[in-house]
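Breakdown of the fold
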Amino acid sequence: MREKMTAASTAKADGACSERSVRLKVLSVHAEGSASDGAGGRNAWQAGHGTIAHSKTGKWRAAVLILVHLVILAHVIQWLLTGMTLSPVEPSESMQTLREGAVNAGFVMFLLALSSTALLGRWFCGWACHVVALQDASAWAMMKLGVKPKPFRSRLLLWAPLGVALYMFVWPVFHRDVLRPVFGDEWGRLPLWLGQSDPMPTIRTEFLVQDFWATFPAWYTAIPFFFVIGFACVYFLGSKGFCTYGCPYGGFFVPVDRLAIGRIRVNDDCNQCGHCTAVCTSNVRVHEEVRDFGTVMDPGCMKCMDCVSVCPNDALRFGVGAPAFLTKPKDDSAKQRAAKARAAREARYDLTKREEWAFAGLFLVVLMSFRGFLNEVPLLMAVGMAGVGTFLIHKCWRLIREPSVRMVNLQLKVKGRMRAVGWATIALTIVFVAVGAWSGVVRWHTWRAGQLYAQMTVPLNAVFRPEFQVSESQRVVAERLVSHYQRADSFGAYAGRGIGWGLNADQRLNLAYGLCVLDELEAAEREFERVVRTGSPRDGLVFQLAQVSSALGRSQEDIQTMMESALREHPDLDDVRATLAAEVLRTTPERADRAVAMWDERLMQRHLDAGTYLAAARTMLQAQRTERAQALTEKAIAVSDKRMDADGLLQVARLRLAAGKADEAATLIERAVKMPTNRGNNAIAAAGLFSQMNREDRVSAMTTDATDRAEKLGPHSGQASVFVSAAQMLTQRGKLEEAAAMYERAARAVGYSAWDVGSIGLAMAQTAQSARESGASQREGVSAAITRLTESAVSALERACEIEPDASTLRHDLAQAYLAAGKNDLAVSALETAAKAGDRNPELAARMAQLLGYLGRGAEANRWVAEAQKRVQAMNDREAEATKKPNPAT
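Keep in mind it's a predicted model, so treat the numbers as computed, not measured. (Residues numbered from 1 in each chain as written. Predicted model: local features only at pLDDT ≥ 70, side-chain atom pairs only at ≥ 80, totals over all residues. Heavy atoms only, no water.)

**Considering the packing of helix H26 (residues 574-587) against helix H27 (residues 592-603)**
Quick reminder of the rule: All axes here are fitted lines through C-alpha atoms, helices being fitted over the stretch that makes contact, and every angle between N-to-C directions spans 0 to 180 degrees. Every helix listed is a DSSP run of H or I at least four residues long, and every strand listed is a run of E at least two residues long, numbered separately from the N terminus. Roughly parallel means an angle under 35 degrees; roughly antiparallel means over 145; roughly perpendicular covers 65 to 115; every other angle is labelled oblique. Crossing handedness is defined as follows: a turn of the near helix away from the far one that is anticlockwise and smaller than a right angle gives a left-handed crossing, while the clockwise case is right-handed. Residues are treated as being in contact if the distance between any of their heavy atoms lies within 4.5 Å. Any residue outside Ala, Val, Leu, Ile, Met, Phe, Trp, Tyr, Cys, Pro, Asp, Glu, Lys and Arg is labelled polar, Gly included; the first ten of those are nonpolar and the last four are charged.
It is at 7 Å that the axes of H26 and H27 come closest, and there the two elements cross at 165°. When the axes of H26 and H27 are compared, the pair comes out roughly antiparallel. Remark: the crossing between H26 and H27 carries right-handed chirality. Note on element contacts: H27 touches H26 through Ala592, Arg594, Ala595, Met598, Trp599 and Arg602, opposite Asp574, Arg577, Ala578, Leu580, Ala581, Val584 and Leu585. Counted by class, the contact of H26 with H27 contains nine nonpolar, no polar and four charged residues.

This is the structure in structure tokens:
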């Protein structure tokens, strides 16, 4: 220990280091132990002084931290054995609470940690944090090897934990509750560069989870993650390097610690020996602070009690008193000493004030570059890498400018001569910077592609309509989106255009969407297949792939084979399994046993959730296996009755209703709608079930409740869908006038989204047409409602075309609405505009010919027939040309 502490004083003598280095300054102590300011005394590190004692609390703290890890291990084992457990007791889980209103164990633990810190100080970090345990273990191992980590001291980087904490926990709330009301339009939409957010739904509890590991990285990411925040941060940044420059939870603990009445305090027996400062692994100047303030003020103090246990005079204790923000220096002399201590701290910083800003900016650049590196590096690991990278670049900067440079226990440069380890440090830094620059470029491409994705307005279902042709503006956006994603894909992909490490599943799906918009369906199909094959797809993705394959003209047998292959690779795709079983029952009803057998292997697995049992029960009902369906339904209720969410209850209610148990279904429905939510979707689903039961009173009440909830919540992404569902419900009950009003509310709710407005307008036109064809218009009052629906449809589609005037599909739908309203000339004009805008689409030309023929304008119709044939030929020529070109996706 004495050898390490005198390194700074001997460095200048042998010319080893010219960096600013300040010896730890403590008052001299005479042999008798009395304090003295004389130069002849001995301090804690001089020869002849008693050895600094080992911390008596260290072993107890180590035992507590080991117990913490054993509890974590027991938590994981319990989940593996039962399939259901308490949600992760991790502060980062609070993000889900703040974003979605789901109160979980992590949020409760974080609140308890913060509130206890406000009373006892920053004890949680020292006694309960597994990352602190990792850093302490790394520092202990290094000390055993003769390496004492030296703290890297920066003014601005000390604010990094608070910045990360604000980004993780405050920014989502600020974005939703401040930016959205201030900068959002009347539909709650923000400018694209600010991103979008919805109002928070009703607060709910989510203490039990099935997918415990969903928010944690895989083992091959966790190992380097712990290496970075443990060994690397400790070696380069100091014994609590990650706590100092990276931990977002500490970013909150630090200011809260200022409120704490529990602190390390001193009595009158302190002789300023400095033992307390020597053993502090949090780089706190304990002896100075207790001398001047009577208590430890530094919020970096983690209450590990090492300083208390090594004090030779028992002068230190953990006690209650005034919080830090109310504590002043003891007297004028203490005030002067505190000022000198602040000046000394200023001299100990490794960066000048000008360098601080440059390296803080560098820290941010490195952080943004490495976050998401290889689709694996999480935020906190990127923060640690940014801290280590900033340190290495700073050392290289010193190597360029100064004749002698030291790094921890290594002498990099002596009197202008670079040592081998110095060259190795430069090489390591160059590699780090090069990898970071590569990662930054790739990350920029994915970020830019994400921005372009937000500008895409065409819904995927519209892409597969035969009359669709992408508008010029959307084509440009889609081409740029595809280009950026292809550049970010695996090195050498797309005929050498790829420079990255491969897209993640979400990015690849966005790429597939862009390819669909550009009508490159075969390339899109390959992207979908790749995600299904190598990722962890959900059922909806497999159905989207089936939709793309169908648009390409694949046979039903090929699509079914694809779905079966996906199911073999991912047996948990329950909706896919149910769809395949339903197809077997539809095409070969006599093979019901085969459909049932498709579930047997799945149902033998352990820890299945209620959704799996319910999906299997639906198949059993379709296969006339009523008793087994009943047993599976009971199983679903048994495994999750206490934690069944509203969707699960409604699914069970559907099965009960299908089994003829209406009373039980009604009870379940009522339970579902009482569950906390203010979006209205549960109530509208309940209305649909009550409609099947012919419970008109409850249908009306649930429909009203759903729309009221959606209206009360304010503009949000699901509001219009609730109104549309309510309109459909009212249509089924023959209340067309009320349905028209509800459709109009939905059209207003989607605002300036042209395709959403257009789809609602088309739904109104189709509703009016169905009512007209059914003869309902003959009933009293219905004719006026049909007229209103038709006029509202025209109005909505006209607004959609104003928003996106070059969208040929929307013009086509407007022509249909005009035709339904009896405005034939306007219908011809709108469809002609659509056919000309979609100048490569033969379907639009054929529709134009059909309309003109219907109106008796044969000569014009014939010209459009010829135009349709010409476009078909041009399409065939393009496809033939495309087959001759090499496939860039390979």
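**Structural notes on the pattern of salt bridges**
Oppositely charged side chains can pair when the atoms bearing their charge come close. Stated precisely, the cut-off is as follows: The term salt bridge refers to a side-chain nitrogen of Lys or Arg lying within 4 Å of a carboxyl oxygen of Asp or Glu. Partly exposed residues are those whose accessible area sits between 20% and 50% of the maximum for their type, while under 20% is buried and over 50% is exposed, using a 1.4 Å probe and protein chains only.
Under the counting rule described, the total for this entry stands at 42 salt bridges. Glu711 is the partner of Arg745 in a salt bridge, and the nearest nitrogen-oxygen pair spans 2.6 Å. Residue Arg745 is located in helix H35 (residues 736-749), and its partner Glu711 is located in helix H33 (residues 696-713); the two are separated by 34 residues in the primary sequence. You can call Arg745 partly exposed: its relative accessible area is 24%. According to the relative accessible area criterion, Glu711 is partly exposed, its value standing at 42%. Glu744 serves as the salt-bridge partner of Arg788, at 2.8 Å between the closest nitrogen and oxygen. With Arg788 in helix H37 (residues 782-803) and Glu744 in helix H35, the pair connects residues that are 44 residues apart, well separated along the chain. Here Glu744 falls in the buried class, since its relative accessible area comes to 19%. Taken together, the shared-partner salt bridges connect Arg465, Glu467, Asp813, Glu843 and Arg847 into one network.

**Here's the deal with the side chain of Glu90**
To be explicit about the condition: Working convention for charge: Lys and Arg count positive, Asp and Glu count negative, and His plus the chain ends are omitted.
Locating Glu90 in the fold gives a position in the loop between strand S3 (85-86) and helix H4 (94-100). The side chain of Glu90 sits in the buried core without any salt bridge; Arg122 is the nearest counter-charge, 13 Å away. Excluding residues that lie within four positions of it along the chain, Glu90 makes contacts with Gly106, Met109, His130, Phe216 and Tyr249.

**Some thoughts on the environment of Leu179**
Mapped onto the elements of the fold, Leu179 is located in helix H8 (residues 160-183). Taking relative accessible area as the criterion, Leu179 reaches 9% and is therefore assigned buried. In this structure the C-alpha to C-alpha distance between Leu179 and Ala105, which are 74 residues apart in sequence, comes to 29 Å. Apart from the residues lying within four places of it in its own chain, the contact partners of Leu179 are Trp171, Phe174, Gly184, Leu190 and Leu194.

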